[in-house]
Amino acid sequence: MQSIKSAFRFVAALVLVPGLAGCFVSPGGESSSGGGQPGSRLRVALAFPPAENFSPYGADATLLSRLGVTEGLTALDANGAATPALAQSWRRENDRTWRFTLREASFQDGTHVTPSAVAEALNRATKAKPVPAALAGATLDAEADGSRGIRITTAAADPVLPMRLSSPSLAVLSPKAYEKKGAPTPVGTATGPFEIAKVGSGGSATLDRFDGYWGGRAHASGIDARFVKDGTARANAVRTGDVDIAEAIPVAQAATLGKATLKEAGTTRTTSLHLNARTGPFKDPKLRAAAREAVDSAVIVKGVFEGYADPGAGIYGPAVTWAESKRVKPKGRAAAARPDGTPITLATYDNRPELPEVAQVVQQQLEKAGFKVKLEVREYSRLESDALAGKFDAFIGARNSLLDTGDPVGILAGDYTCDGGYNLALLCDKDVDRAVQKADGTDGTGERQDAAMAAEAAVLGTDAVVPLAHQRIIAGVSTEVRGVVLDPYERTLVGAGTRR
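On a predicted model such as this, the values are computed, not experimentally measured, just so you know. (Residues numbered from 1 in each chain as written. Predicted model: local features only at pLDDT ≥ 70, side-chain atom pairs only at ≥ 80, totals over all residues. Heavy atoms only, no water.)

A. Quick peek at the pattern of salt bridges. By the definition in use, this model includes 34 salt bridges. Residue Asp340 pairs with Arg338 through a salt bridge whose shortest N-O separation is 3.5 Å. Of the two residues, Asp340 and Arg338, both sit in the exposed class. A salt bridge links Asp431 to Arg434, with the nearest nitrogen and oxygen atoms 2.8 Å apart. In this pair, Asp431 and Arg434 both sit in helix H13 (residues 430–440), three residues apart, roughly one turn of the helix. Ionic contacts of the salt-bridge type, sharing partners, join the residues Arg91, Glu93, Arg99, Asp145 and Arg151 into one network. (Salt bridge = Lys/Arg side-chain N within 4 Å of Asp/Glu carboxyl O. Buried < 20%, exposed > 50% of the residue type's maximum accessible area, 1.4 Å probe, protein only. Helix = DSSP H or I, 4+ residues; strand = E, 2+ residues; numbered from the N terminus.)

Here it is, written out as structure tokens:
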């Protein structure tokens, strides 16, 4: 049965090839497919199209950082520690005040990165609606301090502020980005090695090298990016040489690429089932418990992810290396009730090709337990607002637990508290809020990790979220390409050193 399934997928991949062929053409009509000479443009296939017109404050923020467009004051290293970016150094002056020293850098519109420009960018982010996830539960005020300094004061002690400022949603843009009403534009106003030259109406973007980049000129002269939601088409485009880099390769297509082209890396991304705790059937914790007991994540890992994942253990998975030894068992869970044919609507998106398959397995498991399940699958950009508005009873999504800040507490505040800006479960529980608040106020790395795990246990104890699988990054990369950056936080993909 497995071989027939694989054969079918391979044939389907071949059918989808023409949809991408010829799409990757450099500005001016010159094909970017041949040669591989120094300065060649990179052809990149991405899974998610812009959902918010390239706003730096929402889901598009990561898209911008992955393409090397935007930067913040800091970045994260492989161990999750803050490292210099636009800020070359920093120091903590007291519990609530930090001073950052800027490096010499320029915006893509030719103006200098000044303390006043950086302060304006950060202060505007604090006023965005909804607030960026990196600022969930945090309040800060930035002001210029001398010719190269930025002083940031927080309402409460914030021991992880340098990590928080690494978030893609706190990217620094020039004053020009804020001239028009609405969300700021990153087009020509960011600081990264590549700048957006054109956004196409057909799901494409053209980026050119920013020659004034503080880190030195990028090796590639630009990027021709296409947003291709079909994962099989992305994989096949790499296999046939139509693209140089394709992210989020479906596990079903991994074998078609071969070892030389397939790149795999650990990630802190977890696929979870979110149950609407505010309205509908899952407002009842006993029905949430019934759903949680019905789900078998081992079946999902083996049957859908084909081994490119680990069974769901919590909000934090194996890539968060310290989590398992500190995990706390949830307490106070409700006893499961009999579903007795309770109708529910389960939703997910198809930009990540495994998710519809995961949803089908979960649908079967829930129906076996006694629920009546209606499955709804859409593209992510057409789904997010409805999910956050609570229009579904259950939602399956993939979320990087350290994406927003690199701090383990960040996702807890943003995703599971009453005021969280990305609360897919619409959870509002006083015990959870109390545990997250305690963790957020904890200093010291080990102590903060312990508090984060206690808060994780509080979240899991509500059964509003059911971890299904901890994923791994699978990317398709041409053998001619060097310098692709696959980090566990999934913030980077193409950088100044990426070339072919």
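B. Structural view of unusual backbone geometry. The omega torsion across Lys129 and Pro130 is -10°, close enough to zero to call that bond cis. Of note in the backbone geometry, Phe54 takes a positive phi value of approximately 60° without being a glycine. Tracing the backbone shows Phe54 in the loop between strand S1 (42–46) and helix H2 (60–66). A positive phi is found at Glu490, a non-glycine position, where the angle reads about 60°. As for its position among the elements, Glu490 is in the segment after strand S17 (465–477).

C. Molecular detail of the nonpolar core. Within the largest apolar cluster, 54 residues are counted, with the highest numbers of intra-cluster contacts made by Leu73, Phe100, Ile152 and Ile223. The dominant element in this core, judged by the number of residues it contributes, is helix H3 (residues 115–126), at six residues. Apart from residues no more than four positions distant in its own chain, Leu73 is found in contact with Pro84, Ala85, Leu86, Ala87, Phe100, Leu102, Val118, Leu122, Ile152 and Leu165. By size, the runner-up hydrophobic cluster in this structure holds 41 residues, among which are Ala248, Phe282, Ala294 and Phe392. (Core = buried A, V, L, I, M, F, W, Y, C linked by side-chain atoms within 4.5 Å. Contact = heavy atoms within 4.5 Å.)

D. Representation of the pairing of strand S4 (residues 87–94) in the model. As paired elements, S4 and strand S5 (residues 97–102) share six bridges and run antiparallel to each other. Counted as the bridge partner of Arg91 is Arg99 from S5. Count of turn residues in the S4/S5 antiparallel hairpin: two residues. (Pairing = 2+ DSSP bridges.)

E. Up close: the sheet that holds strand S6 (residues 140–145). Ordered in space as S4-S5-S7-S6, the four strands form an open sheet in which the pairing is antiparallel. The open sheet is flanked by S4 and S6, the only strands paired with a single partner. Averaged over all pairs of adjacent strands, the angle between their axes in this sheet comes to 20°, without regard to strand direction. With five bridges joining them, S5 and strand S7 (residues 149–154) adopt antiparallel strand pairing. Note on S7: the bridge partner recorded for Arg99 is Arg151. Across the face of the sheet, H3 comes into contact with S5, S6 and S7 while running at roughly 170° to S6. (Axes fitted to C-alpha atoms, helices over the stretch in contact; angles between N-to-C directions.)

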